[in-house]
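Chain by chain, the residues:
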Amino acid sequence: MRDLPWPARVYLVAVIGAAAALAVRGVITSGAPVATEDLDVLLVLALLFLVCESMPTLLNVEQFAVSVSFSASLAAVVLIGPEGAALVGLTAVVSVRPGLPLIKRLFNGAQFAICGYVAGRVYVALDGQVGVPQVNAFDDLIGPYAAATAVFVPLNIALTLTMVGLATRVRATEVPMRGMVQFLLSYLGYGTFGLLVAGLWATVQSISAVLVLVPLFVARWAFGQYHAQQRSYDATIAALCQAVETKDYYTRGHCTRVSLASSMIAQEIGMRLERVRAIRYAGMLHDVGKLGVPTKVLQKDGPLTEEEFAAIQLHPMRGLEIVRGIGFLDEAYAGIMHHHEKHDGTGYPMGLAGDEIPEFAKVIAVADAFDSMTSDRSYRGARPVPEAIEELRKSAGTHFDPVMVAAFIRALEREPWQPPRRVEPPPDPAEAPIKDHDDPTMPIQVVTGS
């Protein structure tokens with residue numbers, strides 16, 4: 001707990017205190033949270049919860065994992081009421097997940113207890129009957145149960161994300177709101193497993209938990225496969241970026257920063273989650289075509305010949321050739337191919353102008369130029385962020401799409417840009433190559449002839 005920032009500590013104590021208060025209240029008002037005849041139900045549901053909670057699925061956000069254990073808590077809402085659902089949630093404290101610190105166990109148990117109790121109160125308030133449902137009365141449970149699920153799931157996500165944000169300072173770009181909406185909807189769907197447990201209990205009793213374990217673990221497997229696939233995609237992109245930056249050493253880290261800036265613009269203009277992910281990939285791979293440009297051209301000191309500059313101008317098309325077979329890139333192809341087009345039609349490789357330029361390319365063009373200006377180069381130091389923003393404003397309508405420039409400036413006002421660490425200057429700056437096809441204020445020098 002010493003490693004937690006003080007706001008996270010206060011929040012942690014508040015959540016655990018609230019759960020403890022609920023437990024005390026249950027004992028005072030009813031003497032025992034669960035009736036003696038329901039102890040077997042409590043035991044089975046707690047075991048189901050513990051099995052699922054001990055084997056969660058890791059997400060792409062650092063130190064963040066999810067499980068489908070909440071279905072057992074929702075089943076407890078129907079079978080043993082609010083207090084029983086809170087007790088089932090408290091089982092998270094004894095989770096056998098490897099490496100999980102006690103402080104996280106306490107928080108998980110407390111927040112699950114709160115969610116179960118609140119959902120149970122909603123269920124009872126809407127005339128939901130607590131106990132093993134009768135077959136002819138099962139339809140009457142659906143409405144109250146749906147309402148309880150609609151309360152439990154968002155409350156669970158809100159409590160967890162608040163703690164994650166306070167403890168790890170996860171940025172909004174890492175947990176996008178559109179992604180959370182999709183995540184919320186999928187969780188609401190998995191909540192139906194709790195109703196299935198309650199319904200089956202009327203006929204097969206405790207065996208219902210075993211029957212439901214199969215689809216629950218299928219759901220867990222699906223979660224894991226999806227995020228494993230995303231990690232595989234990210235690893236593929238990172239490997240390609242590493243290859244580019246090994247060849248063109250003066251732009252180390254450039255691909256990652258362009259990807260981040262592109263995502264900021266995409267979210268600001270309201271792109272869907274799938275398109276934000278695609279443009280993040282496009283930003284990472286926008287210069288992958290440099291792999292098809294001779295190394296001696298990329299690392300040449302001084303001005304380029306016309307033939308060498310033509311080779312540089314071909315790198316967007318080379319990039320498209322390299323990644324064409326990677327199916328998950330989707331719209332990223334357009335961003336890679338056209339990110340050096342200019343709004344006034346003077347760019348390359350096809351001289352597109354205005355609305356002819358794909359949206360992805362417009363976004364990456366702004367992000368690309370901004371990072372180039374705010375990064376150290378072998379021939380100059382990084383420009384201050386305000387100066388780079390002013391250059392974007394000056395070039396809006398000629399070099400860049402004005403809408404994308406305005407969106408990026410708004411995004412920077414909410415989330416200040418962190419320029420890369422300063423690098424050591426070359427031994428002899430006078431001999432450094434003065435060339436940068438990404439920086440609009442420092443174009444490549446081209447000489448006529450060979």
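Residues numbered from 1 in each chain as written. Predicted model: local features only at pLDDT ≥ 70, side-chain atom pairs only at ≥ 80, totals over all residues. Heavy atoms only, no water.

## As for the overall build of the protein
The line we're drawing: Counting from the N terminus, the helices are DSSP H or I runs at least four residues long and the strands are E runs at least two residues long. Here a residue-residue contact requires only that any non-hydrogen atoms of the pair lie within 4.5 Å.
Scanning the protein for helices and strands turns up 17 helices and four strands. Within the protein, contacts between residues separated by at least 24 positions form 72% of all contacts whose residues are at least 6 apart in sequence.

## Describing the side chain of histidine 315
Our working definition: The cut-offs for exposure are 20% and 50% of the maximum accessible area for each residue type, with area from a 1.4 Å probe on protein chains only; residues under the lower value are buried, those over the upper are exposed, and the others partly exposed. Contacts described as polar in this section are N or O atom pairs within 3.5 Å, which, within protein, must combine one atom able to donate a hydrogen with one able to accept it, while residues neighboring in sequence count only if both atoms come from side chains.
Mapped onto the secondary structure, histidine 315 falls in helix H13 (residues 315–323). Residue histidine 315 is classed as buried on the basis of its relative accessible area of 2%. Of note is the side chain of histidine 315, whose polar atom sits 3.2 Å from the side chain of aspartate 287.

## Section: empty space enclosed by the protein
The criterion, for reference: Grid spacing is 1 Å over the protein atoms alone, the probe is 1.4 Å, and a cavity is where that probe fits but cannot get out, while a pocket is an open set with protein on both sides within 12 Å along at least five of seven lines and lining residues have an atom within 4 Å of a point. Grid points are joined across faces, edges and corners, and a volume is the space filled by probe spheres set on the points.
Counted according to the given criterion, the structure contains three cavities of 30 Å³ or more. By volume, the second largest cavity is sized at about 50 Å³. Surrounding the second largest cavity, His338, Glu341, Lys342, His343, Ile357, Ala361, Lys362, Ala365, His399, Phe400 and Asp401 form its lining. Tallying contributions element by element places helix H15 (residues 359–373) first for the lining of the second largest cavity, with three residues.

## Observations regarding the environment of isoleucine 312
Looking at the element boundaries, isoleucine 312 is found in helix H12 (residues 306–313). Classification of isoleucine 312 as buried rests on a relative accessible area of 5%. For the pair formed by isoleucine 312 and valine 293, sequence separation is 19 residues and the distance between their alpha carbons is 6.5 Å.

## Focus on the nonpolar core
Applicable threshold: By nonpolar core we mean a set of buried residues, namely Ala, Val, Leu, Ile, Met, Phe, Trp, Tyr and Cys, connected to one another through side-chain atoms within 4.5 Å.
With 51 residues, the main nonpolar core has Leu45, Phe70, Ile80, Val88, Tyr123, Phe152 and Met163 as its most contacted residues. Of all the elements in the fold, those that place two or more residues in this core are helix H1 (6–30), helix H2 (39–53), helix H3 (70–90), helix H4 (102–125), helix H5 (139–168), helix H6 (177–190) and helix H7 (192–204). Looking at which element gives the most residues to this core, the answer is H3, with twelve residues. Ranked by size, the runner-up nonpolar core spans 50 residues in total, among them Ala278, Met284, Ala367 and Ile389.

## Quick word on the packing of aromatic side chains
Rule in force here: Each Phe, Tyr or Trp ring, with Trp reduced to its six-membered ring, pairs with another whose centre is within 6.5 Å; inter-plane angles below 30 degrees give stacked pairs, above 60 give edge-to-face pairs, and intermediate values give tilted ones.
As enumerated under the stated definition, the model contains eight aromatic pairs in all. For the pair phenylalanine 49 and phenylalanine 112, a centre-to-centre distance of 5.1 Å together with 90° between the ring planes defines the contact as edge-to-face. Of the two residues, phenylalanine 49 sits in helix H2 while phenylalanine 112 sits in helix H4, which places them 63 residues apart along the sequence. Both residues of the pair, phenylalanine 49 and phenylalanine 112, belong to the buried class. What links up through ring pairs into an aromatic cluster is the set Phe49, Phe70, Phe112 and Phe152.

## Describing unusual backbone geometry
Tyrosine 348 connects to proline 349 through a cis peptide bond whose omega is 10°. With respect to the helices and strands, the residue proline 349 is situated in the loop between helix H14 (332–338) and H15. Phi is positive for aspartate 127, which is not a glycine, with a value near 70°. Within the element layout of this structure, aspartate 127 appears in the loop between H4 and H5.

## Observations concerning the packing of H15 against helix H16 (residues 385–395)
The cut-off we apply is this: To define axes, lines are fitted to C-alpha atoms, for helices over the stretch in contact only, and angles between the resulting N-to-C directions are given on a 0 to 180 degree scale. Handedness of a helix crossing follows the sense of rotation of the near helix relative to the far helix, less than a right angle counterclockwise being left-handed and clockwise being right-handed. Residue polarity is assigned by list, with Asp, Glu, Lys and Arg as charged and Ala, Val, Leu, Ile, Met, Phe, Trp, Tyr, Cys and Pro as nonpolar; anything else, Gly included, falls into the polar class.
Contact pair H15 / H16: the axes reach a minimum separation of 9 Å and the direction vectors enclose 145°. Between H15 and H16 lies a crossing of right-handed hand. Residues Val366, Phe370 and Met373 of H15 lie in contact with H16, whose contacting residues are Val385, Ala388, Ile389, Glu391 and Leu392. The residue inventory of the contact of H15 with H16, partitioned by class, reads seven nonpolar, no polar and one charged.

## Regarding helix H9 (residues 254–268)
Counted only if it meets this: Helix span, expected: 1.5 Å multiplied by one less than the number of residues in the helix.
Between its first and last C-alpha atoms H9 spans 21 Å; for 15 residues at 1.5 Å apiece the expected length is 21 Å, and the two agree. Within H9, twelve of the 15 residues are buried, which leaves the element mostly enclosed by the surrounding structure. After H9 finishes, the residue glycine 270 shows a positive phi value of roughly 85°.

## Section: H7
Along its 13 residues, H7 runs 18 Å from first to last C-alpha, staying within 8% of the 18 Å computed at 1.5 Å per residue. Considered for burial, the residues of H7 that qualify are Phe193, Gly194, Leu195, Val197, Ala198 and Trp201.

## Regarding the pattern of salt bridges
Test applied: For this analysis, a salt bridge means a side-chain nitrogen from Lys or Arg found within 4 Å of a carboxyl oxygen belonging to Asp or Glu.
This structure, assessed with the given rule, holds twelve salt bridges. Here glutamate 83 ties to arginine 121 by a salt bridge, and the two come within 3.0 Å at their closest N and O atoms. You can see glutamate 83 sitting in helix H3 and its partner arginine 121 sitting in helix H4, a full 38 residues away along the chain. If you follow the salt bridges from partner to partner, you end up with Glu268, Arg410 and Arg414 in one network.

## Some words on the packing of H9 against helix H17 (residues 402–414)
Here is the rule we go by: Orientation labels follow simple angle bins: below 35 degrees gives roughly parallel, above 145 gives roughly antiparallel, 65 to 115 gives roughly perpendicular, and whatever is left gives oblique.
Taken N-terminus to C-terminus, the directions of H9 and H17 make an angle of 100°; their axes are 8 Å apart at the nearest point. Relative to H17, the element H9 is oriented roughly perpendicular. Together, Ala261, Met264, Ile265 and Glu268 of H9 and Met404, Ala407, Phe408, Arg410, Ala411, Leu412 and Arg414 of H17 make up the contact between the two elements. Looking at the contact of H9 with H17 residue by residue, the class counts come to eight nonpolar, no polar and three charged.

## Some details on the UniProt feature "transmembrane region" (unreviewed entry) in the protein
Under the convention used in this document: UniProt positions are given in the numbering used here, feature names are shortened, and annotations may be inferred rather than shown by experiment.
As recorded in UniProt, the sites labelled "transmembrane region" (unreviewed entry) are residues 6–27, 39–59, 71–94, 146–168, 180–201 and 207–223. Helix makes up 83% of residues 71–94 and strand 0%, and the two end C-alpha atoms of the span are 18 Å apart.

## A closer look at the state of the cysteines
Rules: In this description, a disulfide is simply a cysteine sulfur pair whose atoms lie within 2.5 Å.
For the structure shown, the criterion picks out zero disulfides. Unpaired in this structure, cysteine 241 has its nearest cysteine sulfur neighbour in cysteine 255, at a distance of 4.1 Å. On the accessibility criterion, cysteine 241 (5% relative accessible area) is buried.

## Considerations on the side chain of serine 262
By the element assignment, serine 262 lies in helix H9. If near-sequence neighbours (up to four positions away) are discounted, serine 262 is found in contact with Ile279, Gly283, Val363, Ile364 and Ala367.

## Let's talk about the confidence of the model for the protein
Convention followed: pLDDT runs from 0 to 100 and stands for how confident the predictor is about each residue.
When the pLDDT values of the protein are averaged, the result is 80; 79% of them are 70 or greater. Counted against residues more than four places away or in other chains, residues 171–175, with its pLDDT under 50, gives twelve contacts. Predicted confidence for residues 425–434 stays below pLDDT 50, and this span has 14 contacts to residues more than four positions away or in other chains.

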